[in-house]
Amino acid sequence: EPEVTQTPSHQVTQMGQEVILRCVPISNHLYFYWYRQILGQKVEFLVSFYNNEISEKSEIFDDQFSVERPDGSNFTLKIRSTKLEDSAMYFCASNPEIYGYTFGSGTRLTVV
Amino acid sequence: AQTVTQSQPEMSVQEAETVTLSCTYDTSESNYYLFWYKQPPSRQMILVIRQEAYKQQNATENRFSVNFQKAAKSFSLKISDSQLGDTAMYFCAFMSEGGHSNYQLIWGAGTKLIIKP
């Protein structure tokens, strides 16, 4: 069964550093997403990506965040200057349309 | 704006018992989709079951079934013959059908389910 692959599984970074979280979505899916889950809290939508551009983003997704699909397979989330409150589990997902969401196994980001 | 509420932060039952997790939601839309996701300690998000709002029949997947009450905006998950491997966080999620939402999921806060041996 096709999978969404996320790397790394765990990343520790110093406050103020840039991080790039990587994802390989399922190739024939149309929609790509990033969600985050702060420990003990609910899952929050960050951004959706369709037709090689951002289609929707939440209030959380401010200027510190950006997404790219540089080569048609990878889908990256960049945080330019990390803050302590960015520590969370970040999930990538892809969706062919409507239902059929497939989540990656997540990247645990720890900002120290 | 849509909201999803899970009123049970934590539940525990004995192995082999049946347990029901509650979920209510608020929307003005008539067509939408509802989901239950399981998140075990590994923290991977696993789809358990989904329900299309236009279908009157409740979805079932083996030991998992839902009680979908559209008028009451209620979507509970029943786990029959619970197993130790069912121990996990369970999240209820809502998705609009309309393309304007880009099929974004709106999540409840989750219910921690513990199955005791």
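Structure first, text after, so check above.
Residues numbered from 1 in each chain as written. Chains lettered and ligands numbered in written order. Predicted model: local features only at pLDDT ≥ 70, side-chain atom pairs only at ≥ 80, totals over all residues. Heavy atoms only, no water.

Draft legend 1. Summary view of the overall build of chain B. From N to C terminus, chain B includes zero helices and 12 strands. Reading the helices (α) and strands (β) of chain B from amino to carboxyl end gives β-β-β-β-β-β-β-β-β-β-β-β. For a compact globule of 117 residues, the expected C-alpha radius of gyration is about 13 Å, and chain B comes in at 14 Å, within 12% of that figure. Its C-alpha atoms put chain B at 45 × 30 × 20 Å along the principal axes. (Helix = DSSP H or I, 4+ residues; strand = E, 2+ residues; numbered from the N terminus. Rg over C-alpha atoms; globule rule 2.2 N^0.38 Å.)

Draft legend 2. Region of interest: the overall build of chain A. Each helix and strand in chain A was counted, giving zero helices and 11 strands. When the helices and strands of chain A are listed from N to C terminus, the series reads β-β-β-β-β-β-β-β-β-β-β. Its C-alpha atoms give chain A a radius of gyration of 13 Å, near enough to 13 Å, the size a compact globule of 112 residues would have. Principal-axis analysis of the C-alpha atoms places the extent of chain A at approximately 35 × 25 × 25 Å. The buried share of chain A, taken over its 112 residues, is 45%. The long-range fraction of contacts in chain A, counting pairs at least 24 apart against all pairs at least 6 apart in sequence, stands at 52%. In the form shown here, chain A has an accessible surface area of approximately 5600 Å², with 44% of it arising from carbon and sulfur atoms. The average position of the 9 basic charges and that of the 14 acidic charges among the side chains of chain A differ by 5 Å. (Buried < 20%, exposed > 50% of the residue type's maximum accessible area, 1.4 Å probe, protein only. Contact = heavy atoms within 4.5 Å. Areas by Shrake-Rupley, 256 points an atom, 1.4 Å probe, with all protein chains shown as cover. Lys, Arg positive; Asp, Glu negative; His and termini not counted. Charge placed at Lys NZ, Arg CZ, Asp CG, Glu CD.)

Draft legend 3. How the structure looks around the side chain of S76 of chain B. All names here are of chain B. Checked against the element boundaries, S76 lands in strand β9 (residues 74-79). Residue S76 is classed as buried on the basis of its relative accessible area, which comes to 12%. Leaving out residues up to four positions away in the same chain, S76 has contacts with T20, L21, S22, C23, W36, S65, V66 and N67.

Draft legend 4. Inspection of the state of the cysteines at higher detail. Residues and elements named next belong to chain A. According to the stated counting rule, one finds two disulfides over all chains in the structure shown. Here C23 pairs with C92 through a disulfide, and the sulfurs are 1.9 Å apart. Looking down the S-S bond of the C23 and C92 bridge, the torsion is -65 degrees, so its handedness is left-handed. Here the residue C23 occupies a position in strand β3 (residues 19-24), and C92 occupies one in strand β9 (residues 88-95), the gap between them amounting to 69 residues. (Disulfide = S-S within 2.5 Å.)

Draft legend 5. The pattern of salt bridges, seen in detail. Residues and elements named next belong to chain B. Enumeration according to the criterion identifies four salt bridges over all chains in this entry. Residue E52 pairs with K55 through a salt bridge whose shortest N-O separation is 3.8 Å. The partly exposed category is assigned to K55, whose relative accessible area is 39%. (Salt bridge = Lys/Arg side-chain N within 4 Å of Asp/Glu carboxyl O.)

Draft legend 6. Representation of the interface of chain A and chain B in the model. Across the boundary between the two partners, chain A contributes 23 residues, which contact 21 residues of chain B. Approximately 2000 Å² of surface area, both sides summed, lies buried where chain A meets chain B, with 56% of it carried by carbon and sulfur atoms. Linking chain A with chain B are zero salt bridges. Counting every contact that joins chain A to chain B gives seven residue pairs in polar contact (both at pLDDT 80 or more). Broken down by secondary-structure element, the contributors of at least two residues to the side of chain A that touches chain B are β4 (31-37), β5 (43-50), β6 (53-57) and β9 of chain A. Ranked by the residues each element gives to the side of chain A that touches chain B, the list is headed by β4 of chain A, at four residues. (Buried area = accessible area lost by both parts, 1.4 Å probe. Polar contact = N/O pair within 3.5 Å; in protein donor to acceptor, adjacent residues only side chain to side chain.)

Draft legend 7. Looking closely at the pairing of strand β8 (residues 75-79) of chain A. Residues and elements named next belong to chain A. Burial within β8 is extensive, with four of its five residues counted as buried. As paired strands, β3 and β8 are joined by five bridges and run antiparallel to one another. Directly across from V19, in β8, lies its bridge partner I79. The sheet contact formed by strand β7 (residues 65-68) and β8 spans four bridges and is antiparallel. Considered in β8, the bridge of F65 is made with I79. (Pairing = 2+ DSSP bridges.)

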